[in-house]
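Architecture at a glance
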Amino acid sequence: RKSNKLWIISAAAIIAALIICPAAFAKVVIKCATSTQPSHIYNEGIRHMAKIVKEKSNGEMEIQLFPAAQLGSERDAVEGLQLGTLEMTLTSTGPLGNFVPAIKVFNLPFLFTSREAAYKVLDGKIGDQITASFPKIGIRALAWVENGFRNITNSKRAINKPADMDGLKIRVMEDDLFIATMKALGASPLPMAFGELYTALEQKTVDAQENPLAVIESSRFFEVQKYLAMTGHFYSPSMILVSEKFFKGLKPEQQKILQDAAFDARDFERKLSMEADQKLEAELAKQGMTVTHPDKAPFVKAVAGVYTNPKIVKAIGGGDTKKGEA
Ligand code: EAX
């Protein structure tokens, strides 16, 4: 008798729990990998997105953030999405040209002179066409976010003109356009994953690197780099990406929650990026960096050949890569 009653009570309790709180029984865990340090704007953007997703799904969906390349490089993350071993990443376009060649177009130096111009293209027809081509490679592109305008740091000398770049060993992201650009400026580029960069600078494997101020500050490159030149030579877009396999397995309402939250995170993150540019130059100077503002015209002139280099043109068109299909 007693055990029968207990059984009924516990069954009722489980049913009640399922009605009140189905999330406890059907949780969607979304692991998200980034390569930058926890305080960087990417991770602020993802935490913002995680909060919205949690609220909108009544706790049914949870984004778990793994920053600082804990789960591997940006390239590893992209491959993880394709395999379905990782659900989500926020990555720069650095490694993406190896998967979707059309992305390389955004790796051209001095392509955008303002954020507004970049947003117009990325959030418009061209950006949409590129994101629409991602499912073919097993990835869903949710939104264009931002890394920002890249500036050059080094441990050797102040940079005021292209000639000051001569012979500098500079780490670049893994794409032929970055290599071609730095060669055109007279430097010796070395492609390397971001996670290895601080140590490479510290041990002087390379003299220089280039990144937006928000990355330079959050990764504490000021500890190992003395000079900062505000060249703004690349506008570096980034993307919020999820595994297509994972996305397809979600309910339509869950897909919508994720997509809407990504757009919200995009606007939030871009604002942080803009604010970082406004305040971090002074902060980095305070940390001991010598900041220069080179005249950009000679730099623009020096890299003009990158736009007409037949190999580069072919690569952007998709003819020079192994895996891409766009
Ligand atoms: O995406 O590799 C880089 O320099 C990137 O700017 C960084 O990982 C942020």
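Small disclaimer: the values here were computed from a predicted structure and weren't measured. (Residues numbered from 1 in each chain as written. Predicted model: local features only at pLDDT ≥ 70, side-chain atom pairs only at ≥ 80, totals over all residues. Heavy atoms only, no water.)

The next subject is the environment of isoleucine 103. Assignment of secondary structure puts isoleucine 103 in the loop between strand 3 (88-92) and helix 4 (115-122). Look at isoleucine 103 and you get buried, because its relative accessible area is 0%. When the C-alpha positions of isoleucine 103 and glycine 127 are compared, they lie 9.2 Å apart, and in sequence the two are 24 residues distant. Among residues more than four places away in sequence, those in contact with isoleucine 103 are Thr93, Leu96, Gly97, Ile130, Phe134, Trp144 and Met239. (Helix = DSSP H or I, 4+ residues; strand = E, 2+ residues; numbered from the N terminus. Buried < 20%, exposed > 50% of the residue type's maximum accessible area, 1.4 Å probe, protein only. Contact = heavy atoms within 4.5 Å.)

Okay, the environment of arginine 47 next. Here arginine 47 shows up in helix 2 (residues 41-56). Distance in space between the C-alpha atoms of arginine 47 and glutamine 278 is 22 Å, their sequence separation being 231 residues. Each residue touching arginine 47, except ones within four places of it in the same chain, is listed here: Pro38, Ser39 and Leu65.

Turning next to the site of the ligand. In the region of the ligand, the neighbouring residues are Ser35, Thr36, Tyr42, Glu74, Ser92, Asn147, Arg150, Arg171, Met173, Phe194 and Asn211. At a separation of 2.7 Å, an oxygen atom of the ligand approaches a polar side-chain atom of asparagine 147. Expressed as a share of its isolated accessible area of 270 Å², the protein-covered part of the ligand is 99%. Split into classes, the residues belonging to the shell around the ligand amount to 3 nonpolar, 5 polar and 3 charged. (Near = heavy atom within 4 Å. Polar contact = N/O pair within 3.5 Å; in protein donor to acceptor, adjacent residues only side chain to side chain. Areas by Shrake-Rupley, 256 points an atom, 1.4 Å probe, with all protein chains shown as cover. Nonpolar A, V, L, I, M, F, W, Y, C, P; charged D, E, K, R; others polar.)

Turning next to the side chain of threonine 34. Mapped onto the secondary structure, threonine 34 falls in the loop between strand 1 (28-33) and helix 2. When sequence neighbours within four positions are dropped, the list of residues in contact with threonine 34 reads Asn43, Leu65, Phe66, Pro67, Ala68, Ala69 and Leu90.

Going through the model one piece at a time under the given rule, you end up with 19 salt bridges. The partner of aspartate 175 in a salt bridge is lysine 104, and the shortest N-O contact between them spans 3.0 Å. In this pair, aspartate 175 sits in the loop between strand 6 (169-172) and helix 6 (176-184) while lysine 104 sits in the loop between strand 3 and helix 4, placing the two residues 71 residues apart along the sequence. For aspartate 175, a relative accessible area of 3% corresponds to the buried category. Between arginine 140 and glutamate 244 there is a salt bridge; the shortest N-O distance is 2.8 Å. In this pair, arginine 140 is assigned in strand 4 (residues 139-149) and glutamate 244 in helix 9 (residues 244-248), connecting sequence segments 104 residues apart. Where salt bridges share partners, they join Asp123, Arg266, Asp267 and Arg270 into one cluster. (Salt bridge = Lys/Arg side-chain N within 4 Å of Asp/Glu carboxyl O.)

Before going further, it helps to spend a moment on the sheet that holds strand 4. The sheet built from 5 strands is open, its strands ordered 2-1-3-10-4 with mixed pairing. The open sheet has two free edges, formed respectively by strand 2 (61-66) and strand 4, since each of these has just one partner strand. Going from strand to strand, the sheet's axes swing by 20° on average, the running direction of each strand aside. Here strand 4 runs beside strand 10 (residues 235-243); their pairing, made up of 9 bridges, is antiparallel. Pairing of isoleucine 139 across the sheet is with serine 243, part of strand 10. Along the sheet face, helix 10 (residues 252-286) touches strand 1, strand 2, strand 4 and strand 10 and points at about 5° away from the line of strand 4. (Pairing = 2+ DSSP bridges. Axes fitted to C-alpha atoms, helices over the stretch in contact; angles between N-to-C directions.)

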